[in-house]
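# Summary of structural features
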Amino acid sequence: MNSNRDYQKVLKNIYNQLLFEEDFGTVASYIPELAKVSPKKLGVYLQTNDGEGYAYGDANEKFSIQSISKVFSLSIALSILGPSLWKRVGVEPSGTAFNSIVQLEYEKGVPRNPFINPGAIVIADILVTYLNNPKQDFLNYVRTLSGEETIDYDLKVANSEKKTGYLNAAHINMLKSFGNIQNDVEEVLDFYYHQCSLSLTCKELAQAFNAFANQDKPFLYNGITLSKSQVKRMNAIMLSCGFYDESGEFAFRVGLSGKSGVGGGIAAILPRGLSIAVWSPRLNKKGNSYMGMRFLEEFTTETDLSIF
Ligand code: DON
């Protein structure tokens, strides 16, 4: 059994090893503002449940967390609606890309899971219905989860996506035609684009995700509360759906619960152990960070810390 738990050294060694590996993939460009980010960035932050933090590389630089924000929005919707949430969105892997629209018609407007875009848009609709000031309340919740007051939306990114978000507009209109959107489509999309534009560092992200790793601590942040069983479900959905049609591959190679975003971030969790956030902007064909996955694969192999 490998018991290399000198985390600072482990992060440094993996970082240095990956500098010599070729980085495949391309920076997301369908949101024009994201294409401006340097492809060479690589940062990581590990937060143990004991409160120790370890940083390496560009760990303190802000980046667009995009779909990683769907974990935060799902946790709010689950807290508000409880099990009735699952009437509006499923919990099965989709086997399709994050922005694929074909399944939505076959399955009559009930998205397979809350992490593919149509599922996250249904969750955004729920938040628009139930939160008093959706954008401010969402921001306050993420700030509380992370313990960092400086976290904010990146309005340039939100506007950039709004201008080019034709596919999300198609999703929400189809959802609405099936009766699975209650609010005005423009209002929901506006909230969704803000949510995705949240800008965090690896450190802030790992701190925020630690709430889902630390089952011994009551989950209560800014009025949002989850039971232990609900935190378990959050982790289960991250494991089965967090990387779209690469979720199996992520479980196979890394073995942690987690969520990716097209900004190149990945936040991952070892339940009852730690949270870790990696950022490297180049994405593979499935829309997940190529080096982010490599980093985490090496991390769980080196430390023997994975769910399995
Ligand atoms: O809606 C979108 O397409 C983006 N705001 C988020 C997509 C995303 O991050 C997919 N993740 N890998």
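Looking at an unreviewed UniProt entry, one finds the protein chain named Glutaminase, with Flammeovirga pectinis as its source organism. For the record of the protein chain, the UniProt heading Catalytic activity (unreviewed entry) holds the text "L-glutamine + H2O = L-glutamate + NH4(+)".

What follows is about the packing of aromatic side chains. Scanning the entire structure with this criterion turns up 14 aromatic pairs. Both rings, one in Y7 and one in F299, keep their centres 6.4 Å apart while their planes meet at 35°; by these two values the pair is tilted. Of this pair, Y7 sits in helix α1 (residues 7-19) while F299 sits in helix α12 (residues 290-303), and the two are 292 residues apart along the sequence. For the pair shown, Y7 and F299 are each scored as buried. Relative to Y56, the ring of Y15 has its centre 4.9 Å away and its plane inclined at 65°; by these criteria the two rings are edge-to-face. Here the residue Y15 occupies a position in helix α1, and Y56 occupies one in strand β3 (residues 53-57), the gap between them amounting to 41 residues. Among the residues examined, Y15 registers a relative accessible area of 16% and is labelled buried. A relative accessible area of 22% means that Y56 is categorised as partly exposed. Every member of this aromatic cluster is reached through a ring pair, and the members are F72, F209, F212, F219 and Y221. Its end group placed over the ring of F115, K259 keeps NZ or CZ at 5.6 Å from the ring centre.

Take helix α7 (residues 166-177) next. In a regular helix each residue adds 1.5 Å, so 12 residues correspond to 16 Å; α7 covers 17 Å between its end C-alpha atoms and thus fits that length. Buried within α7 are the following residues: N168, H171, I172 and L175. An end-on view of α7 places all buried positions within 90° of arc, on one side of the element. Across α7 from its buried face, at more than 90 degrees, point the exposed residues Y166 and S177.

Further remarks concern the nonpolar core. In this structure, F72, Y141, L205, F212 and F219 are the most contacted members of the largest nonpolar core, which totals 65 residues. Counting 27 residues, the second largest nonpolar core, distinct from the first, contains V10, L46, L274 and M291.

In this section: the sheet that holds strand β9 (residues 257-260). Pairing within the open sheet is antiparallel, and its five strands lie in the order β3-β2-β11-β10-β9. Strands with a single pairing partner mark the edges of an open sheet, and in this sheet they are β3 and β9. Here the average twist between neighbouring strands, direction ignored, is 10°. Sheet topology note: the strand β10 (residues 265-270)/strand β11 (residues 274-279) ladder contains six bridges and is antiparallel. Opposite I266, over in β11, you have V278 as the bridge partner. In the packing of α1 onto the sheet, the strands contacted are β2 (43-48), β3 and β11, and the crossing angle to β3 comes to about 20°.

Cut-off values and rules
- Residues numbered from 1 in each chain as written.
- Predicted model: local features only at pLDDT ≥ 70, side-chain atom pairs only at ≥ 80, totals over all residues.
- Heavy atoms only, no water.
- UniProt positions renumbered as here; feature names shortened; annotations may be inferred.
- Phe/Tyr/Trp six-rings, centres within 6.5 Å; stacked < 30°, edge-to-face > 60°.
- Helix = DSSP H or I, 4+ residues; strand = E, 2+ residues; numbered from the N terminus.
- Buried < 20%, exposed > 50% of the residue type's maximum accessible area, 1.4 Å probe, protein only.
- Lys NZ or Arg CZ within 6 Å of the ring centre and 35° of its normal.
- Expected span 1.5 Å × (residues − 1).
- Arc of directions from axis to C-beta.
- Core = buried A, V, L, I, M, F, W, Y, C linked by side-chain atoms within 4.5 Å.
- Pairing = 2+ DSSP bridges.
- Axes fitted to C-alpha atoms, helices over the stretch in contact; angles between N-to-C directions.
- Contact = heavy atoms within 4.5 Å.

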